[in-house]
Amino acid sequence: MTAFNQAKILYPEIAKQSRFTFDNNRLFPNNKVFIIPTYDFYLLGVLNSAIIWKYLKNICSVLGDADKGGRLELRAIYISKIPIPNASSTEREAISKLVQKCLDAKGINCETWEKEIDDRVAALYGL
C-alpha cells in the first residue's frame, strides 16, 4: 500500500503510444495500470521518449502490428528491461524541467518540449 500512497509514475498495461504519466494525487489504479513508485521527472521523460517507444516495440508482446495502430503489452517484465541512461545531473535537470513544462501545460502544445526531450534522450544513448 505504501507505493500507492506516494508520488509515482503510472502506465497502462496495453497502449498504442507512450502513456507514462505522473501521479501526485495518491491514486489507486485498477489492475490494468502499473506503477513505478518514484518522484522522478527525468525517468518520466526518458520513458515517454520516442527512442524508448521504438525500443519497446521491439521487445514487448504486440496485439496487431505495432507500426500500424497495434497495441503493445507494457508488462513490468518488459519495462524492467529498459536500459535507463545514467545522465549527468545537468542533463537530468534539463530533461526534468522540460517534463515539468509539459505537465504544467497538461500536455497541450508541448510538441517543441517533447521534441527537445526526444533529442536529449537520443543523445544520451549516443544516437
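You'll find the structure just up there.
Residues numbered from 1 in each chain as written. Predicted model: local features only at pLDDT ≥ 70, side-chain atom pairs only at ≥ 80, totals over all residues. Heavy atoms only, no water.

Enquirer: With reference to specific residues and values, describe the packing of helix 4 (residues 89–104) against helix 5 (residues 111–124).
Expert: Interaxial distance between helix 4 and helix 5 falls to 9 Å at its minimum, and their mutual angle equals 155°. On the basis of the axis angle, helix 4 is roughly antiparallel to helix 5. As helix 4 runs across helix 5, the sense of the crossing is left-handed. Here helix 4 contributes Glu91, Ala94, Ile95, Leu98, Val99, Lys101 and Cys102 to the contact with helix 5, which in turn contributes Trp113, Glu114, Glu116, Ile117, Arg120, Val121 and Leu124. For the contact of helix 4 with helix 5, the class distribution of residues is nine nonpolar, no polar and five charged. (Axes fitted to C-alpha atoms, helices over the stretch in contact; angles between N-to-C directions. Helix = DSSP H or I, 4+ residues; strand = E, 2+ residues; numbered from the N terminus. Parallel < 35°, antiparallel > 145°, perpendicular 65-115°, else oblique. Left-handed = near helix turned anticlockwise from the far one by under 90°. Contact = heavy atoms within 4.5 Å. Nonpolar A, V, L, I, M, F, W, Y, C, P; charged D, E, K, R; others polar.)

Enquirer: Which residues make up the sheet that holds strand 4 (residues 33–36), and what are the values?
Expert: Pairing within the open sheet is antiparallel, and its three strands lie in the order 3-1-4. Of all strands in the sheet, those bounded by a partner on one side alone are strand 3 (21–23) and strand 4. Ignoring which end each strand starts from, the neighbouring axes of this sheet average 35° apart. In the sheet, strand 1 (residues 8–12) pairs with strand 3 via three bridges, with the strands oriented antiparallel. Residue pairing for strand 3: Lys8 is matched across the bridge by Asp23. (Pairing = 2+ DSSP bridges.)

Enquirer: Could you give an account of the environment of Thr21, naming the residues involved and the relevant values?
Expert: For Thr21, the location among the structural elements is in strand 3. The spacing of Thr21 and Val62 is 41 residues in sequence and 21 Å in space, taken between C-alpha atoms. Residue contacts for Thr21: discarding those within four places in its chain leaves Lys8, Ile9, Leu10 and Leu44.

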